[in-house]
Protein chains: 2
Amino acid sequence: MKKEIWIVGMGPGREEMMTAEAVSALEEADVIVGYSTYLRLLPERLREKEQLSTPMRGEKERCMLCFAEAEKGKRVALICSGDAGVYGLASLMFEMGKEHADTALRVIPGVTAANSGAAVLGAPLNHDFCTISLSDLLTPWERIERRLAAAAQGDFVIVLYNPASHKRKDHLKRACEILLSCIEPERPCGLVENIGREGTRAEVCTLRELRDRQVNMFTTVFIGSSGTEIIDGRLVTKRGYQI
Amino acid sequence: MKKEIWIVGMGPGREEMMTAEAVSALEEADVIVGYSTYLRLLPERLREKEQLSTPMRGEKERCMLCFAEAEKGKRVALICSGDAGVYGLASLMFEMGKEHADTALRVIPGVTAANSGAAVLGAPLNHDFCTISLSDLLTPWERIERRLAAAAQGDFVIVLYNPASHKRKDHLKRACEILLSCIEPERPCGLVENIGREGTRAEVCTLRELRDRQVNMFTTVFIGSSGTEIIDGRLVTKRGYQI
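These figures come from a predicted structure and were not determined experimentally. Every chain's residues receive numbers from 1 upward, in the order its sequence appears when written. Both sets of labels track the order of writing: A upward for chains, 1 upward for ligands. Predicted model: local features are reported for residues with pLDDT of at least 70 only, side-chain atom pairs are reported and counted for 80 or more only, and whole-chain, interface and lining totals are derived from all residues. Side-chain metrics rest on all non-hydrogen atoms present in the structure, leaving aside hydrogens and water.

Visitor: I tried to follow the overall build of chain A on my own but got confused; where do I start?
Guide: For the purposes of this entry, the term helix denotes a DSSP run of H or I that reaches at least four residues, the term strand denotes a run of E that reaches at least two, and both are numbered from the N terminus. If you tally the helices and strands in chain A, you get nine helices and 13 strands. Whereas a compact globule of 243 residues would reach a radius of gyration of roughly 18 Å, chain A reaches 19 Å, a difference of no more than 12%. Once the C-alpha set of chain A is aligned to its principal axes, its extents read approximately 60 × 35 × 30 Å. Every one of the 243 residues in chain A was classed for burial, and the buried ones make up 60%. In this description, contact between two residues means that some pair of their heavy atoms is separated by no more than 4.5 Å. The long-range share in chain A, meaning contacts at least 24 apart out of those at least 6 apart in sequence, stands at 68%. Here the radius of gyration uses the C-alpha set of atoms, whereas the globule reference equals 2.2 Å times the residue count to the power 0.38. Burial classes follow relative accessibility: with a 1.4 Å probe on protein chains only, a residue under 20% of its type's maximum area counts as buried, one over 50% as exposed, and anything between as partly exposed.

In structure tokens, the structure reads:
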């Protein structure tokens, strides 16, 4: 029997924001593997399936579980929030897949926080943008600083993932200070907390104000480019149409 | 009656790759407005609805149509391929919405080509990435060049949208030449044509090879970062896990 693992992006959490393809994969799976926070967001009927989880930072073990379950002949779906290919486990699965050549890996894309958060705020990503994770668990902070500087230099809209955690309370402040060295303090910015879940909170503010905002690991942060404006309370990056 | 327009990202085209929220919006709409190529991709049952279209480059007129139809009391859905907030019409709608303060605009996010194309290739976006459109219809070419240089400087994975059109046949070549001035020619890259539609074609190659590839307006191009590798024919950007 052909062994196959589906690596599924579940979007922000609500079933309506998953693609039909992602829902089908979860429905057809014998076992769903994921981080417990996201397993709990699944709709009732899917929560009755066999579910396997590992604690936070147990990503390697979570991937190993997938291969072990596939080995037993089960249809396995690994879920990640947003898109599994954006700061999710897709690449680690491909890396570990080298040892499991007989297991096919298929990525099912989902709506990542950059896109779902943008939709809540208005249309901040309507021109060239980049995403930067402020987590220095796996990336040296110097590289993050270098990317922030380059993104500002290139006048990209910037989306910050993982802007804070329990241990990294000041990363957003540090990032804003780097950006403020070449972006004006009045630059329009925005943030969204708990996108597509209970307690969604969105706010637009300036870069200077953003520097002092308290954020958590469920916040996604948007820094406008030179083409970004606030229109009726929405964060909008113009594409250049003459109107 | 409250006037509302849904700005809907339809993903790459197949219904299975739309979110349930996007499908519902189209089902509930009285009229669906969009570019004819994308209207034709809609499932049969939705094609029976009233549809309105304007030719390519008639974006402003398409947005005006939406407001005019909403004015008549109709429920309007404007569809864009991928995510309407990424090189789509969401921001133009908000700009034009200034003149239609009584019409609420709601963006329903979708899976953009960066994410759907990445899933076909493997996991190239699994670390910081940026998107750059090579279309100079609305953006001066100098700004595009500046962004390419900054993206290479920041060691981002780069996704190129609109890498060519009938009139701009050499833009990908010119972009690759800029990138080759600071990225090694062997850097892993990839391209996907007709993502999620009939005739999907994916290829991995080096940056040097990419320079001479023929692409069209339905191609999305991926240039790896220093952390990108080809693993079993898939384009994979490592996140930094020790395995």
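Visitor: How do you make sense of the pairing of strand S12 (residues 228–231) of chain A when you look at a structure like this?
Guide: Note on strand geometry: in a regular strand, side chains alternate between the two faces of the sheet. DSSP calls a pair of strands paired once it identifies at least 2 bridges connecting them. Pairing between S12 of chain A and strand S13 (residues 234–237) of chain A: four bridges, direction antiparallel. Following the sheet pairing, Thr-228 of chain A is matched in S13 of chain A by Thr-237 of chain A.

Visitor: For this particular structure, what's the right way to read the side chain of Asp-128 of chain A?
Guide: Following the sequence through the fold, Asp-128 of chain A ends up in the loop between strand S6 (122–123) and strand S7 (129–133). In protein, a polar contact means a hydrogen-donor-capable atom and an acceptor-capable atom, both N or O and within 3.5 Å, with residues adjacent in sequence counting only if both atoms are side-chain atoms; elsewhere, any N or O pair within 3.5 Å suffices. Among the polar contacts listed, one links the side chain of Asp-128 of chain A to the side chain of Arg-147 of chain B, at a separation of 2.9 Å. Among all residues touching Asp-128 of chain A, those that are not within four sequence positions of it are Phe-156 and Val-157 of chain A together with Tyr-87, Thr-131, Ile-132, Ser-133 and Arg-147 of chain B.

Visitor: Quick question: what am I supposed to make of the nonpolar core here?
Guide: Generally speaking, soluble globular proteins have nonpolar side chains that are buried together. Grouping buried Ala, Val, Leu, Ile, Met, Phe, Trp, Tyr and Cys residues that are joined through side-chain atoms within 4.5 Å yields what is termed a nonpolar core. Counting residues in hydrophobic clusters, the biggest one holds 54 residues, and the most contacted among them are Ile-132 and Leu-210 of chain A together with Ile-132, Leu-210 and Ile-223 of chain B. Among residues more than four places away in sequence, those in contact with Ile-132 of chain A are Tyr-87, Ile-144, Arg-147, Leu-148, Ala-151, Ile-158, Val-159, Leu-160 and Tyr-161 of chain A together with Asp-128 and Phe-156 of chain B. One finds Val-157 of chain A together with Leu-125, Ile-195 and Phe-222 of chain B within the second-largest nonpolar core, a separate group that totals 30 residues.

Visitor: Please explain the environment of Thr-220 of chain B as it appears in this structure.
Guide: Residues and elements named next belong to chain B. For Thr-220, the location among the structural elements is in strand S11 (residues 219–223). Measuring from C-alpha to C-alpha, the distance between Thr-220 and Gly-190 comes to 8.6 Å, with 30 residues separating the pair along the chain. Every residue in contact with Thr-220, bar those within four places of it in the chain, is listed here: Ala-113, Val-159, Leu-160, Gly-190, Leu-191, Val-192 and Ile-195.

Visitor: Before we go on, may I ask you to explain the side chain of Ser-133 of chain A in this structure?
Guide: Mapped onto the elements, Ser-133 of chain A comes out in strand S7. Side chain to side chain, Ser-133 of chain A and Asn-162 of chain A meet in a polar contact 2.9 Å long. Setting aside residues no more than four positions away along its own chain, Ser-133 of chain A makes contact with Tyr-87, Ile-144, Tyr-161 and Asn-162 of chain A together with Asp-128 of chain B.

Visitor: What is the right way to look at a nonpolar patch on the surface in this model?
Guide: Think of a patch as exposed residues, more than 30% relative accessible area, with no salt bridge, where like charges cluster within 9 Å and nonpolar side chains (Val, Leu, Ile, Met, Phe, Trp, Tyr) cluster within 5 Å. Methods summary: accessible areas were calculated by the Shrake-Rupley approach with a probe of 1.4 Å, and residue burial reflects only the protein chains presented. Salt bridge, as used here, is a side-chain nitrogen of Lys or Arg placed within 4 Å of a carboxyl oxygen of Asp or Glu. The grouping of Met-56, Met-217 and Phe-218 of chain A at the surface amounts to a nonpolar patch, some 260 Å² of accessible area in total. Here Met-56 of chain A is to be found in the loop between strand S3 (50–52) and helix H4 (59–71).

Visitor: How should I be thinking about the interface of chain B and chain A in this particular structure?
Guide: The parts lose accessible area when they come together, and the size of an interface is often stated as this lost area. Each partner contributes to the interface: chain B provides 67 residues, whereas chain A provides 67 residues. Of all residues in chain B, the largest losses of buried area upon contact with chain A belong to Arg-147, Arg-239 and Tyr-241 of chain B, amounting jointly to 12% of the total for that side. Connecting chain B to chain A are eight salt bridges. For Arg-14 of chain B, the salt bridge goes to Glu-21 of chain A, with nearest N and O atoms at 3.4 Å. Note on residue classes: Ala, Val, Leu, Ile, Met, Phe, Trp, Tyr, Cys and Pro are nonpolar, Asp, Glu, Lys and Arg are charged, and everything else, Gly too, is polar. Among the residues making up the side of chain B that touches chain A, the classes are represented as 30 nonpolar, 20 polar and 17 charged. Direction of pairing for S7 of chain A relative to strand S7 (residues 129–133) of chain B: antiparallel, over a ladder of three bridges. By the bridge assignment, Thr-131 of chain A is partnered in S7 of chain B with Phe-129 of chain B. By convention, the term buried area covers the 1.4 Å-probe accessible surface removed from two parts as they join, with the contributions of both added.

Visitor: What is the right way to read the relation of the copies chain B and chain A from this model?
Guide: Think of it as a corkscrew move, a rotation about one axis and a shift along it, taking one chain copy to the other. Here the copies are superposed with least squares, the fitted atoms being C-alpha atoms of residues at a pLDDT of at least 70 in both. Turning chain B through 180° and shifting it by 0.0 Å along the axis lays it on chain A, with an RMSD of 0.0 Å. In symmetry terms, the pair is related by a two-fold rotation axis. Counting the interface residues of chain B, we find that 100% of their copies in chain A are interface residues as well, pointing to one common contact surface.

Visitor: I'm lost on the confidence of the model for chain A in this one. Help?
Guide: Detailed reading of the predicted coordinates is not advisable wherever pLDDT falls low. For every residue, the predictor states its confidence as a pLDDT score lying anywhere from 0 to 100. Averaged over all residues, the pLDDT of chain A is 96; the fraction at 70 or higher stands at 100%. For this predicted complex, the interface score ipTM comes out at 0.97, while the overall pTM is 0.97.

Visitor: Would you mind going over the pattern of salt bridges with me for this structure?
Guide: Pairing between side chains of opposite charge can happen when their charged atoms approach one another. Inspection of the entire model under this criterion finds 44 salt bridges over all chains. One salt bridge connects Glu-186 of chain A with Arg-208 of chain A, and the closest N-O pair in it is separated by 2.1 Å. Here Arg-208 of chain A lies in helix H9 (residues 207–211) and Glu-186 of chain A lies in the loop between helix H8 (171–180) and strand S9 (188–193), a separation of 22 residues in the sequence. With a relative accessible area of 46%, Glu-186 of chain A lands in the partly exposed category. Of the residues examined, Arg-208 of chain A reaches a relative accessible area of 39% and is grouped as partly exposed. Salt bridges sharing common partners tie together Arg-14 and Glu-16 of chain A together with Glu-21 and Arg-106 of chain B.

Visitor: Even after reading the chapter, I still don't get unusual backbone geometry, so can you show me in this structure?
Guide: A negative phi angle is the norm for most residues apart from glycine, just as the trans form is the norm for most peptide bonds. Residue and element names in this part refer to chain A. Look at Asn-162: it is not a glycine, yet its phi comes out positive at around 45°. The backbone of Asn-194 sits at a positive phi, close to 50°, despite the residue not being glycine. Position of Asn-194 relative to the elements: it lies in the loop between S9 and strand S10 (201–206). Of the residues examined, Asn-194 reaches a relative accessible area of 19% and is grouped as buried.

Visitor: Please clarify how the pairing of strand S4 (residues 76–80) of chain B should be interpreted in this entry.
Guide: Residues and elements named next belong to chain B. Extensive coverage of S4 is indicated by the burial of five of its five residues. Because side chains alternate across S4, one face comprises the buried residues Val-76, Leu-78 and Cys-80, and the other comprises Ala-77 and Ile-79, equally buried. Here five bridges tie strand S1 (residues 3–9) to S4, and the two strands are oriented parallel to one another. The partner of Val-8 across the bridge, within S4, is Ile-79. Across three bridges, the pairing between strand S2 (residues 31–33) and S4 is parallel. Among the inter-strand pairings, Val-31 is bridged to a residue of S4, identified as Val-76.

Visitor: Teacher, can you tell me more about the state of the cysteines here?
Guide: Linking two cysteines covalently via their sulfur atoms produces the bond known as a disulfide. The criterion for a disulfide is a pair of cysteine sulfur atoms lying within 2.5 Å. Throughout the structure, instances matching the rule amount to zero disulfides over all chains. Free cysteine Cys-182 of chain A: the closest other cysteine sulfur is in Cys-130 of chain A, separated by 12 Å. By relative accessible area, which is 42% here, Cys-182 of chain A ends up partly exposed. Cysteine Cys-63 of chain B is unpaired, with the sulfur of Cys-66 of chain B as its nearest cysteine sulfur at 6.0 Å.

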